[in-house]
Amino acid sequence: MSELRFPDNFRWGAATAAYQIEGATRDDGRGPSIWDTFSRTPGKVHQGQTGDVACDHYHRFADDVELMAELGLSAYRFSVSWPRVQPDGTGPINPRGLDFYDRLVDALLGRGIDPIVTLYHWDLPQTLQDRGGWVTRETAEHFAGYAAAVHGRIGDRVASWTTLNEPWCSAYLGYGNGVHAPGIQDPGAAFTAVHHLLLGHGLAARALRTAGAGTVGITLNPADVRPADPDSAADAAAVRLVDGLQNRIFLDPLFRAAYPVDVLEHIARIVPPAFIRDGDEKLIATPIDLLGVNYYTPTYVAGRPDGAGGGGAFPGTDGAVEFLPPTGPLTDMGWMIEPAGLTRMLERLAADYPGVPLLITENGAAFPDRAGAEGVGADRTEAEGAGPVADTDRIAYLDAHLRAAHTAIARGVDLRGYLVWSLLDNFEWAEGYRKRFGIVHVDYLTQRRTPKASARWYQEVISRNGL
């Protein structure tokens, strides 16, 4: 393969999320989140596993920061736990919760690593969910207050702020098909949650901007939606519908201050959109400085006028759209590997919503990693043998996607950096601990960290700013 170099000042980093790595769910005044509740609900998470301990990052962050520095990371994206900072989601701030992020930010800066803060990565305080969660407008308003409180403590040292991570997942998986917390299955609630999440983003972005935040953004998981048959009118209609529900429903209000007409018509067939009030769309479109892009796999669909098909994560597609099973090489999540989809997505975003720099905030893959001669089973709980993880499949995945990103840059896309998902093996939501995305292996019994072959490969990529 040809040798490639990325632009000067390209940001190389890694990403994590609070509930997936921190543990310490009852320490220092943290309140319960919807994921604490959901993971304790029988049948919701693999083997009833929880994030109670996870990677114990709350107590081991200093060592983890040293590991980041060893790998040469210039940026680290982490999320703040809302219930750690504000246990009830409203009212008094918990200073001990903010103390943790204070220490983490200082440790990162002390090692020359730029902190990128995500304010919401799905761990809503349970008390807010008890009052309706993202289906209620008040949650969006409370989110802005929480954002201001976090900025008030660490905003003097943190320049880069992200409001939400993947509101598509929060709304559709949390309130639509219920496979994520809070586990509600209500298509109307899903669309209501979409709007209130976006409203919360707008309110928080305005609060951050008023407080003097340097860079304000949001992270989405836009889908590269492709037709099964490029010549089929029915498949083209299916693409348009799914693209509307995953991409344009978020992108258009953010950058055009209006929901797409066809998406509003679709929503109205399921729930009256009375939750959208005058002025909301203008508020949602509060200017941002950066769009985070999470990409893992493409989406292939076909139109099914015969009434077959449907996807529970896309309300209103039953009987109209078939989501095709993945083909070719797959990750351990069963996701299709298609790096060209990343190039297409980045080019599409740059063309349709110009003027906002892009940052790949998540990209990576789960594979059934094996450590040393003994190996690491997905559900292994005993101490594991030492030895490097030769995760050649992950290296191939990352290499191909970085080349796809470079292609987009060469074609004029303003892409500012790449953050691998994830730094550490961690609690993978409903999959528990059986799926490993990390470039660093974690023995969940001993909490020993062992850089995989992919970590050393990534270290080399960073050192030469290229492939």
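Structure shown above.
## Digging into the overall build of the protein
Turning to step 1, where the next piece is worked out: Looking only at helices and strands, one finds 15 helices and 13 strands in the protein.
Turning to step 2, where the next piece is worked out: C-alpha extents for the protein along the principal axes are approximately 55 × 55 × 45 Å.
Turning to step 3, where the next piece is worked out: The long-range share in the protein, meaning contacts at least 24 apart out of those at least 6 apart in sequence, stands at 77%.
Turning to step 4, where the next piece is worked out: Within the structure as shown, the protein displays about 16,600 Å² of accessible surface, and the carbon and sulfur contribution to it stands at 52%.
Turning to step 5, where the next piece is worked out: Taking the average location of the 42 positive side-chain charges in the protein and that of its 58 negative ones, the two points are 2 Å from each other.

## Things to note about the side chain of T361
Turning to step 1, where the next piece is worked out: Relative to the helices and strands, T361 resides in strand β10 (residues 358-362).
Turning to step 2, where the next piece is worked out: Exposure remark for T361: the relative accessible area of 2% places this residue in the buried category.
Turning to step 3, where the next piece is worked out: Separated by 2.6 Å, the side chains of T361 and N294 make a polar contact.
Turning to step 4, where the next piece is worked out: Apart from the residues within four sequence positions on either side, T361 is in contact with A15, R77, T219, G292, V293, N294 and L419.

## Considering the pairing of strand β2 (residues 75-79)
Looking down a regular strand, the side chains alternate between one sheet face and the other.
Turning to step 1, where the next piece is worked out: By the criterion of burial, β2 is predominantly enclosed, with 5 of the 5 residues buried.
Turning to step 2, where the next piece is worked out: Taking every second residue as pointing to the same face, both faces of β2 are buried, with A75, R77 and S79 on one and Y76 and F78 on the other.
Turning to step 3, where the next piece is worked out: Of the pairings in the sheet, the one linking strand β1 (residues 11-15) to β2 comprises 3 bridges and is parallel in character. Within the sheet, the bridge partner assigned to G13 lies in β2 and is A75.

How each quantity is defined
- Residues numbered from 1 in each chain as written.
- Predicted model: local features only at pLDDT ≥ 70, side-chain atom pairs only at ≥ 80, totals over all residues.
- Heavy atoms only, no water.
- Helix = DSSP H or I, 4+ residues; strand = E, 2+ residues; numbered from the N terminus.
- Contact = heavy atoms within 4.5 Å.
- Areas by Shrake-Rupley, 256 points an atom, 1.4 Å probe, with all protein chains shown as cover.
- Lys, Arg positive; Asp, Glu negative; His and termini not counted.
- Charge placed at Lys NZ, Arg CZ, Asp CG, Glu CD.
- Buried < 20%, exposed > 50% of the residue type's maximum accessible area, 1.4 Å probe, protein only.
- Polar contact = N/O pair within 3.5 Å; in protein donor to acceptor, adjacent residues only side chain to side chain.
- Pairing = 2+ DSSP bridges.

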